[in-house]
Every structure is written in C-alpha cells, then in structure tokens.
Amino acid sequence: GLLQESIEAALKLDTSRRYTQQGNVPLFYADGLELPPGDDGGKRTPVYFSKADLVAEWNKQNTGSPSPEVKVLDLIDTFRGVMKGNSNGDLLQSLVFVPTAETVRVARDLKSKESVPQYKMNEMIAVGGK
C-alpha cells in the first residue's frame, strides 16, 4: 500500500532505519519547492506523505528540470517541533501538509455524491503496538 511505498522511499533517503519502527510516518520535502503564498503572504513549504506526489508537483513547477534532492522528516518529530515552537529555520513555521493524490480523489468522490462520512466525534480508538 501507500504507507509501505512511503516507508521504502524513506529508507532509501534515511539509513537510520527509524522508519522500520511502528508509528514512524515519513514526510517528504525538497528545498526550493514552494506553494503560492498563503493569505498572509508568507512562504508555504509543502510536505508530502508520498514521494511520488512531491516529484509530480516538482515536475509541474519545474518542467524539464532534473528531479530535486528529496529529504525526509518524521511526522511525529515534526508535530513535536511545531508544538514546541522549535525554529528549524523557517521550515517548521511554513509547512503545509499535502494530502496524497488518493486521499484527494476519495474526498472529491464523496463530495460529488454528497455523501457525508459518519464519524463518531466522541469516540477515539487508540491503536497500539505489539
């Protein structure tokens, strides 16, 4: 599945083997890849759950240019950094999480059917390890 593909891509970029541990989710980004400024006019650095989605966006913005050097971050480490206000340059402050192409497709499909998913907002299910 998509998560396994992302983990395999992350292991090629980060040899620490951290992405073989349960719960570590890789996020992909590339220096120089930005989205149009937000409402506040600030820089927006996209991070992707799929390396393929990052490369597709790079190719869309940089037709004919060689592929970028893709870098990887861990989702939980990134979340902790943002919550603590760590300043990893401007990176953590300008992050925009980009959903996978499959997630966008499913959301559009649901919207077109005017189908509202049935969520149980008062219930949380924690998934633990072994």
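Refer to the structure printed above.
Here the structure is a predicted model, which means the values were calculated and not measured.

Reading the values: rules and limits
Residues numbered from 1 in each chain as written. Predicted model: local features only at pLDDT ≥ 70, side-chain atom pairs only at ≥ 80, totals over all residues. Heavy atoms only, no water. Helix = DSSP H or I, 4+ residues; strand = E, 2+ residues; numbered from the N terminus. Buried < 20%, exposed > 50% of the residue type's maximum accessible area, 1.4 Å probe, protein only. Areas by Shrake-Rupley, 256 points an atom, 1.4 Å probe, with all protein chains shown as cover. Expected span 1.5 Å × (residues − 1). Pairing = 2+ DSSP bridges. Salt bridge = Lys/Arg side-chain N within 4 Å of Asp/Glu carboxyl O. Core = buried A, V, L, I, M, F, W, Y, C linked by side-chain atoms within 4.5 Å.

Right, let's talk about the overall build of the protein chain for a bit. Scanning the protein chain for helices and strands turns up five helices and four strands. Element order for the protein chain, N to C, with α for helix and β for strand: α-β-β-α-β-α-α-β-α. For the protein chain, with 130 residues in total, the buried portion stands at 29%. Surface summary for the protein chain: the accessible area is close to 9400 Å², and the carbon and sulfur share equals 52%.

Moving on, we come to helix α5 (residues 101-112). Helix length check: α5, at twelve residues, gives a terminal C-alpha distance of 16 Å against a target of 16 Å (1.5 Å per residue), a fit within 8%. With its phi angle positive at about 50°, glutamate 114 sits one or two positions after the end of α5.

With that out of the way, let us pick up the pairing of strand β1 (residues 26-30). The buried fraction of β1 is high, at five of five residues. A two-sided burial pattern is seen for β1, the buried positions comprising Pro26, Phe28 and Ala30 on one face and Leu27 and Tyr29 on the other. Strand direction decides the pairing type here: β1 and strand β3 (residues 70-74), joined by five bridges, are antiparallel. The partner of alanine 30 across the bridge, within β3, is valine 70.

Bringing the pattern of salt bridges into the picture now. It is possible for side chains of opposite charge to pair when their charged atoms get near one another. Per the counting criterion, the structure on display carries four salt bridges. One salt bridge connects glutamate 57 with lysine 60, and the closest N-O pair in it is separated by 3.5 Å. In this pair, glutamate 57 and lysine 60 are both assigned in helix α2 (residues 51-61), three residues apart and thus about one turn of the helix distant.

What follows covers the nonpolar core. If you look at the biggest cluster of nonpolar residues, it comprises twelve residues: Ala9, Ala10, Phe28, Ala30, Leu33, Leu35, Tyr48, Leu54, Trp58, Val70, Val72 and Val98. At the level of elements, α1 (2-13), β1, α2 and β3 are the ones that each hand at least two residues to this core. Residues Leu27, Tyr29, Val47 and Leu92 belong to the second largest nonpolar core, which totals six residues.

Geometric values such as these leave the question of function open.
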